[in-house]
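# Analysis of the macromolecular model
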Amino acid sequence: MGSPLVWQVAAVVAAVMAFEAVLPASSFPSSFPSGAPPFPNPWAAFQNLSGCHMGEQRQGLAGLKDYLSHFGYLPPPPSSSPFSDAFDQDLEAAIATYQRNFGLNATGALDESTVAQMVAPRCGVADVINGTSTMGRRSSSADAHGRHLYAYFPGGPMWPPFRRDLKYAITATSATSIDRATLSDVFARAFSRWAAAANLQFEETASASDADITIGFYAGAHGDGEPFDGPLGTLAHAFSPTDGRFHLDAAEAWVAGSDVSRSSTPGAVDLESVAVHEIGHLLGLGHSSVPDAIMYPTIRTGTRKVELEADDVQGIQSLYGSNPNFTPTSPATSSREMDSGVAPGFRPDSVFVGVVVAAVGLLLAL
Ligand SMILES: [Zn+2]
Ligand SMILES: [Zn+2]
């Protein structure tokens, strides 16, 4: 679909890796005062489309179609015929699917809450791969009320049984000003969230050649067909097993090792929160429709969301089994977190929707 990388994966195996944090509509207003984003947001123009519906012709709809195509809701346009500004039936159906995935009224029209959700920063991994919504497909689990819960990437890629001790390397840091020691602490805590719940262990290694997972900060195009877009918009993306690539947009106002809720920087994004989400993709989880889940595609600026929700725990344990020491009633908090200077326990109310679509077999996203 949309971006080359993501869709390459879709074509081959279907892995979408863009990590874009999609903010829940309810949280949006506080993060983005209507009409006046704190600084450039690549999707801010969508706000001018609020109220648009089937049958209309509105400048900017072509751009919205590109967005929906990137995340899998529309097939990519033929090269000979780019998207038009016409609000046609295909767009209406795509918007309705998007609305269902994010718990909005599935009207197919661009109401205010839908537009607010769409401009929220999010994971770059697609929500729909090869026409199948990873956020609501039949193979996903659902509760008694029919809500869509956790999902896997098409084909269910995962790390094989003999790979339960995974090594990760922080390989590209020249594009970020965050010091190396802080990065090591942040990613260690993020991995520990998943290790506390599932039968998996993680260890940092200094050698990229020795690593199963590589983590790096990149600005703009960085060789995988999924260029980053500057502040906000897409925040990060990661590939499904066993690719192991995890990329972060170096242009974001990342906050690491301190309380993001106290940051005065416009558009501040909590690095650890995004890392926990993207690691879910690296392990095989796709995006969840549960707003409180780590794997929800969007996240609010200025908020922290690092604790696995029941939906995340069920998803990862279904793939790898439970950590023998896991206790469902206690948050998956590591001792490292408790020892760190980061305020433990403050729970982000924002919804961080991390949708990581892993490509089956091959991971190209990002
Ligand atoms: Zn994601
Ligand atoms: Zn990338």
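Just so we're clear, the structure is a prediction, and the values are computed from it rather than from any experiment.

In terms of helices and strands, the chain carries nine helices and 11 strands. Taken over 366 residues, the chain has a buried fraction of 56%. Partitioning the intrachain contacts of the chain with sequence separation of at least 6 by distance along the chain shows that 78% fall at a separation of at least 24.

Attention now moves to the UniProt feature "binding site: Ca(2+) 3" (unreviewed entry) in the chain. Following the UniProt record, one finds the feature "binding site: Ca(2+) 3" (unreviewed entry) at Asp229, Gly230, Asp249 and Glu252. In three dimensions, the annotated residues from a span of 24 residues occupy one location, with a maximal C-alpha spread of 9.4 Å. The topology assignment puts Gly230 in the loop between β7 (213-218) and β8 (236-238). In contact with Gly230, other than residues within four places in its own chain, are Pro40, Pro42 and Ala251. Relative to the helices and strands, Glu252 resides in the loop between β9 (245-249) and β10 (253-255). Among the residues examined, Glu252 registers 26 C-beta atoms within 10 Å and is labelled buried. The residues touching Glu252, leaving out its near neighbours within four places in the chain, are Pro231, Leu235 and Val269.

Where burial is concerned, most of β9 is hidden: five out of the five residues are buried. Residues Arg245, His247 and Asp249 line one face of β9 and the alternating positions Phe246 and Leu248 line the opposite face, and both faces are buried. Relative to β9, β7 runs parallel, the two sharing five bridges. Each bridged residue has a counterpart across the sheet, and for Thr214 the counterpart in β9 is Arg245. Bridge count for β8 against β9 is three bridges, and the pairing is antiparallel. Counted as the bridge partner of Ala238 is Phe246 from β9. Counted along the chain from β8 to the antiparallel partner β9, the turn is six residues long, and its residue Gly244 has a positive phi close to 90°.

Each turn of an α-helix holds 3.6 residues, which means side chains three or four residues apart point in the same direction. Over its 18 residues, helix α6 (residues 180-197) runs 27 Å from end to end, which matches the ideal 26 Å to within 8%, given 1.5 Å per residue. For α6, a buried count of 14 out of 18 residues is recorded, marking the element as mostly surrounded by other parts of the structure.

What follows is about the nonpolar core. Of all hydrophobic cores here, the largest spans 87 residues; its most connected members are Tyr168, Phe187, Phe191, Trp194, Val274, Ala275 and Ile279. In terms of residues, this core owes the most to one element, α6, which gives 10 residues. Residue contacts for Phe187: discarding those within four places in its chain leaves Tyr168, Ile170, Ile215 and Ala275.

Another aspect to go through is unusual backbone geometry. The peptide bond linking Pro241 to Thr242 adopts the cis configuration, its omega dihedral lying at 0°. Of note in the backbone geometry, Leu232 takes a positive phi value of approximately 60° without being a glycine. Along the chain, the position of Leu232 falls in the loop between β7 and β8. In this structure Leu232 comes out as buried when scored by C-beta crowding, with 31 C-beta atoms within 10 Å.

At a minimum axis separation of 9 Å, α6 and helix α7 (residues 271-283) run at an interaxial angle of 50°. By the angle between their axes, α6 is oblique relative to α7. Helix-helix and strand crossings are classified by hand; for α6 and α7 the assignment is right-handed. Counting all contacts with α6, which are made through Val186, Phe187, Arg189, Ala190, Phe191, Arg193 and Trp194, the residues of α7 involved are Leu271, Glu272, Ala275, Val276, Ile279 and Leu283. Classifying every residue of the contact of α6 with α7 by side-chain character gives 10 nonpolar, no polar and three charged.

Once that is clear, we can look at helix α8 (residues 310-320). Along α8, the positions that sit buried rather than exposed are Asp311, Asp312, Val313, Gly315 and Ile316. Gly321 occupies a position one or two residues after α8 and carries a positive phi of about 85°.

Attention now moves to the environment of Asp292. Summarising the element assignment, Asp292 is placed in the loop between α7 and α8. When the C-alpha atoms of Asp292 and Asp311 are compared, they prove to be 8.7 Å apart, with 19 residues separating the residues in sequence.

This part covers the environment of His53. With respect to the secondary-structure elements, His53 resides in the loop between α2 (28-31) and α3 (61-70). Those residues in contact with His53 that sit more than four places away from it in its chain are Phe87, Ala109 and Leu110.

The subject of this paragraph is the environment of Ser50. Note that Ser50 resides in the loop between α2 and α3. Separated by 62 residues in sequence, Ser50 and Glu112 place their C-alpha atoms 5.5 Å apart. Apart from residues no more than four positions distant in its own chain, Ser50 is found in contact with Leu110, Glu112 and Val115.

The rules behind each value
- Residues numbered from 1 in each chain as written.
- Chains lettered and ligands numbered in written order.
- Predicted model: local features only at pLDDT ≥ 70, side-chain atom pairs only at ≥ 80, totals over all residues.
- Helix = DSSP H or I, 4+ residues; strand = E, 2+ residues; numbered from the N terminus.
- Buried ≥ 20, exposed ≤ 12 C-beta atoms within 10 Å, placed from the backbone.
- Contact = placed C-beta atoms within 7 Å.
- UniProt positions renumbered as here; feature names shortened; annotations may be inferred.
- Pairing = 2+ DSSP bridges.
- Expected span 1.5 Å × (residues − 1).
- Core = buried A, V, L, I, M, F, W, Y, C linked by C-beta atoms within 7 Å.
- Axes fitted to C-alpha atoms, helices over the stretch in contact; angles between N-to-C directions.
- Parallel < 35°, antiparallel > 145°, perpendicular 65-115°, else oblique.
- Left-handed = near helix turned anticlockwise from the far one by under 90°.
- Nonpolar A, V, L, I, M, F, W, Y, C, P; charged D, E, K, R; others polar.

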